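A look at the structure
Single-letter residue listing:
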Amino acid sequence: MIGTTPAKLQGVTSLTVSSRPTKARRLLNWSKSFHREAACSCNRYLKEFLEVGGVLTLLEILGMEKIKEEDKKESIRLLQVIANTGRKYKELICESYGVRSIAEFLAKSKSEETQEEVQILMDSLVHGNPKYQNQVYKGLIALLPCASPKAQQLSLQTLRTAQSIIGTTHPSIVDCVLKVLCTMHLEVQYEAIELIKDLVNYDVCQALLKGLVALLIPSVKETSKLQPKILNDSSVPQFTAHLPVFLQQAAAAKAIGVLARSNTSVAEELLHQRVVHSLMAAMGNTDHSNSQRQASLTLEYLVQMFPVVEEHVRRSMGEGLYQLFLVSAPPPEREPRGTPASEGARWPRPGLWPRPSPPLAPPPHPGHAPRRPAHSPQPRPAPPAAQEPPLPRAPGSRPQSNAEDLYMKIDSIQADILAANKVNVSKALCFSGVSHCNSSFHRGAHEPERPAYITYFQKEDTEGKE
């Protein structure tokens, strides 16, 4: 097959490939010889291959059902070689509707190795291809709703690279990324959150944050239409499965926590979006424990970061529920003097270990009172154990939190209190001097971070100086 001349292959077109798969296999075998010659920097096979419609043939092979998966993977590798040859060859692939064919193959492929080869090809097409890089970018966005978790993961990874190259965002990327959060695959959820962290620096930041906060409170229509009809029967015990909207709710709470910890300005903007109210409502969702857990952890950070949030949350929860949510850590127990500290019981800081007890004198002879030197002072009574000062707390330690386990301790009444909360921190922020900016919120990739939150005391100091 290597000796086949280009003249014998000129009649092989895309129509011929669709009607006669045997001819397509023959051309694929001939193209493998081109692959070996291409490694030797020989352009003769490349020119001959392109003259007979090799790119169209390779793209047609990807959509044929009778072709083996291994042959399709070889087609992808050959397209990689063609794309890596130069910019005009990348444009040739894109002009042949290659992005659509490659994206569809990535979504339908059952082999993870082949899908990884497709990712390498898509990454090559987005680099050094300014004429069609937007086409590749849109093709990657179109892959996000597909049913293949591996394809979603690889598309999200490549989207991060494409986003940094293009510099602008497509309006549909926000909805597509937020819908991915309903996945049950943690590797896909991780890549989606990583992309969300990048998108915060672009002009879609406001829409992205608003969408995340909205996911914390699913609508009644969405939750009811996903329940099986058998659950509507009163004779059947009522239980709720892990609905996709609840998975999306938990992922949104997790993403909000990641964004708030990475950027204080983003946390401020989330407060203006009434994220505290939505997080407390998610904590009251007794049908999905992971939503309660992720919302509690995110709210814990906001309470520790912003005093105004702590005030409103404590007032809304009540003192009893708030103590279950966030309690102070008791001081560590002091070990008796003269006994070595157990391993891992204390942090190894100098100056905190107890002093060794002095050596004991030999017991006196019976019938003789022990003599005390004349120059020795009178012994002082030892202070009671209760008067010993407690050991200092480790630097940077915070109050002990029960946020992660709160969902296991609250009852149905407390869950209803959380779900029906009316917390509105945004009004208090306006009164305290943190105004909601109407202009574009996003920061550029090279802009410095905005100043941190202005508390009540900082505002008073500023007014006093004026």
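Our subject in this report is the structure included herewith.

Topologically, Ser148 is positioned in the loop between helix 10 (133-142) and helix 11 (149-166). A sequence separation of 38 residues divides Ser148 from Lys110, and the C-alpha atoms of the two residues are 8.5 Å apart. Once you skip the residues sitting within four places of it in the chain, Ser148 turns out to touch Ala107 and Gln115. Within the structure, Ser148 has its side chain in polar contact with the side chain of Gln115 (distance 3.2 Å).

Ranked by size, the top nonpolar core spans 105 residues in total, and within it Val276 and Leu302 carry the most contacts. Looking at this core, the element that brings in the most residues is helix 16 (residues 244-262), giving seven residues. With residues near it in sequence (within four places) discarded, Val276 still touches Leu271, Leu299, Leu302, Val309, Val313, Val423 and Val425.

This part is about the pattern of salt bridges. Taken as a whole and assessed by the stated rule, the structure comprises 16 salt bridges. Residues Glu311 and Arg315 are paired through a salt bridge, measuring 2.8 Å at the closest nitrogen-oxygen approach. Note that Glu311 and Arg315 are positioned in helix 20 (residues 307-317) at a spacing of four residues, about one turn of the helix. A single salt-bridge network, built from bridges that share partners, covers Arg160, Glu194, Lys197 and Asp198.

The backbone of Tyr97 sits at a positive phi, close to 55°, despite the residue not being glycine. Of note, Tyr97 is situated in the loop between helix 7 (87-95) and helix 8 (98-108). With a phi angle near 60°, Arg274 is a residue other than glycine that sits in the positive phi range. With respect to the helices, strands and loops of the structure, Arg274 is situated in the loop between helix 17 (264-272) and helix 18 (275-283).

Glancing now at the packing of aromatic side chains. Following the criterion strictly, the structure yields one aromatic pair and no others. When the ring centre of Tyr45 is taken as reference, the NZ or CZ atom of Arg44 above it lies at 4.6 Å.

Definitions and limits used
Residues numbered from 1 in each chain as written. Predicted model: local features only at pLDDT ≥ 70, side-chain atom pairs only at ≥ 80, totals over all residues. Heavy atoms only, no water. Helix = DSSP H or I, 4+ residues; strand = E, 2+ residues; numbered from the N terminus. Contact = heavy atoms within 4.5 Å. Polar contact = N/O pair within 3.5 Å; in protein donor to acceptor, adjacent residues only side chain to side chain. Core = buried A, V, L, I, M, F, W, Y, C linked by side-chain atoms within 4.5 Å. Buried < 20%, exposed > 50% of the residue type's maximum accessible area, 1.4 Å probe, protein only. Salt bridge = Lys/Arg side-chain N within 4 Å of Asp/Glu carboxyl O. Phe/Tyr/Trp six-rings, centres within 6.5 Å; stacked < 30°, edge-to-face > 60°. Lys NZ or Arg CZ within 6 Å of the ring centre and 35° of its normal.

Note that every value here comes from positions in space, so none of it alone points to a role or purpose.
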